[in-house]
Amino acid sequence: MKNEFISKILNNMKLPPKRYDKPFIIALSGHCGSGKSHVAKVFSKELQLYIVGGDSVRWKIRKEPSLPQDVTSINNLTNEICYLEIEKLLKENVSVVIDKSTSSIKDLENLEKYNLPIILISLVTNHEQNRKRVTDRSNQEMINMPGYGDIDSISDIITEELYDQVVGRKTYNIPLDRFDYTIDATVKLEVELKEAEKIAKKIAKKYN
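Residues numbered from 1 in each chain as written. Predicted model: local features only at pLDDT ≥ 70, side-chain atom pairs only at ≥ 80, totals over all residues. Heavy atoms only, no water.

> Sorry, what's going on with the nonpolar core here?
Most often, soluble globular proteins keep nonpolar side chains buried together rather than apart. Judged by nonpolar contacts, the single largest core of 30 residues is most densely connected at I61, I81, I86 and L111. Looking at this core, the elements that each hand over two or more residues are α1 (2-11), β1 (25-29), β2 (50-53), α3 (54-62), α4 (71-91), β3 (96-99), α5 (105-112) and β4 (118-124). Per-element accounting of this core gives the leading share, 8 residues, to α4. Ignoring any residue separated from it by four or fewer positions in sequence, one finds I86 in contact with I25, V52, V96, I98, L111 and Y114. (Core = buried A, V, L, I, M, F, W, Y, C linked by side-chain atoms within 4.5 Å. Buried < 20%, exposed > 50% of the residue type's maximum accessible area, 1.4 Å probe, protein only. Helix = DSSP H or I, 4+ residues; strand = E, 2+ residues; numbered from the N terminus. Contact = heavy atoms within 4.5 Å.)

> How should I be thinking about the packing of α1 against α4 in this particular structure?
The packing of two helices is summarised by the inter-axis angle and the distance between the axes. Interaxial distance between α1 and α4 falls to 10 Å at its minimum, and their mutual angle equals 40°. As summarised for this structure, α1 and α4 are arranged oblique, according to the angle between their axes. Read as a crossing pair, α1 and α4 show a hand that is right-handed. Here K2, F5, I6, I9, L10 and N11 of α1 lie close against α4, whose contacting residues are L77, E80, I81, L84, E85 and K88. Residue composition of the contact of α1 with α4, by class: 7 nonpolar, 1 polar and 4 charged. (Axes fitted to C-alpha atoms, helices over the stretch in contact; angles between N-to-C directions. Parallel < 35°, antiparallel > 145°, perpendicular 65-115°, else oblique. Left-handed = near helix turned anticlockwise from the far one by under 90°. Nonpolar A, V, L, I, M, F, W, Y, C, P; charged D, E, K, R; others polar.)

> So what exactly am I meant to see when it comes to the layout of surface pockets here?
Over the atoms rolls a probe the size of a water molecule, and its path tells where empty space is left. Taken as a whole, the second largest pocket holds about 290 Å³ of empty space. Taken together, 14 residues form the lining of the second largest pocket, with F5, K8, I9, N12 and K60 sitting closest to its centre. When residues in the lining of the second largest pocket are grouped by element, the largest group, 3 residues, is from α1. Taken together, the residues that form the lining of the second largest pocket break down as 5 nonpolar, 2 polar and 7 charged. (1 Å grid on protein atoms, 1.4 Å probe; cavity = no way out; pocket = protein on both sides within 12 Å on 5 of 7 lines; lining within 4 Å. Points joined across faces, edges and corners; volume = space filled by probe spheres on them.)

> Would you mind going over the environment of K201 with me for this structure?
Looking at the element boundaries, K201 is found in helix α8 (residues 189-207). The exposure class assigned to K201 is partly exposed, which follows from its relative accessible area of 48%. The spacing of K201 and K22 is 179 residues in sequence and 17 Å in space, taken between C-alpha atoms.

> Would you mind going over empty space enclosed by the protein with me for this structure?
Within the structure shown, the criterion is met by 1 cavity of 30 Å³ or more. Looking at the largest cavity, the residues that line it are C82, Y83, I86, I98, K100, S101, T102, D107 and L111. For the lining of the largest cavity, the class distribution of residues is 5 nonpolar, 2 polar and 2 charged.

> I would appreciate a short explanation of the pairing of β2 in the present structure.
Looking along a regular strand, one sees side chains alternate from face to face of the sheet. Side chains of β2 alternate between two faces, with Y50 and V52 and I51 and G53 buried alike. Here β2 runs beside β3; their pairing, made up of 4 bridges, is parallel. Residue pairing in the sheet places Y50 in a bridge with V96 of β3. Summarising the sheet, β2 and strand β5 (residues 148-149) pair through 2 bridges and their orientation is parallel. Paired with I51 across the strands is G149, a residue of β5. (Pairing = 2+ DSSP bridges.)

What follows is the structure, given as structure tokens:
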């Protein structure tokens, strides 16, 4: 059942029309509530990138009762599917933005195995604001913005308790000098997305 489930997800991927001679990966690093999903949509729209969304994959797994539903199994299968999606996209010369925090050296090493450019972006914020954002999610809709891939990626981290649990188990150990760009995520979301647009334009000049 697991293999059939994975095949169904991979076969249903609708790829953007844009192909890059040398595809690249945009990896976002930031805690829950830092705006990763919104920023990913900006890059998807501006650069025609496919969004590989961990939250979206996780929701699909939870809707399949024949699959193990414990947290560890869900997280492991989510990671497996995300990497398979990335492999498929890169083979098709489609560039990728990952809506899943690349927070540790191990995460980065898993992406470096593709031997393609990785644009690493840090979304700098604080826990107080993040907690407020995640608890407001039940009353807010995702910004309606066109994109490709997992544009419906919505986190289920909607309480302070869940936020603290995720922060407690994730590792953030990537040195600051490894990041290509930094986005201030403590500002209003509209300002944060404007900064993402500016970065997208810089990337477009380099890779188009």
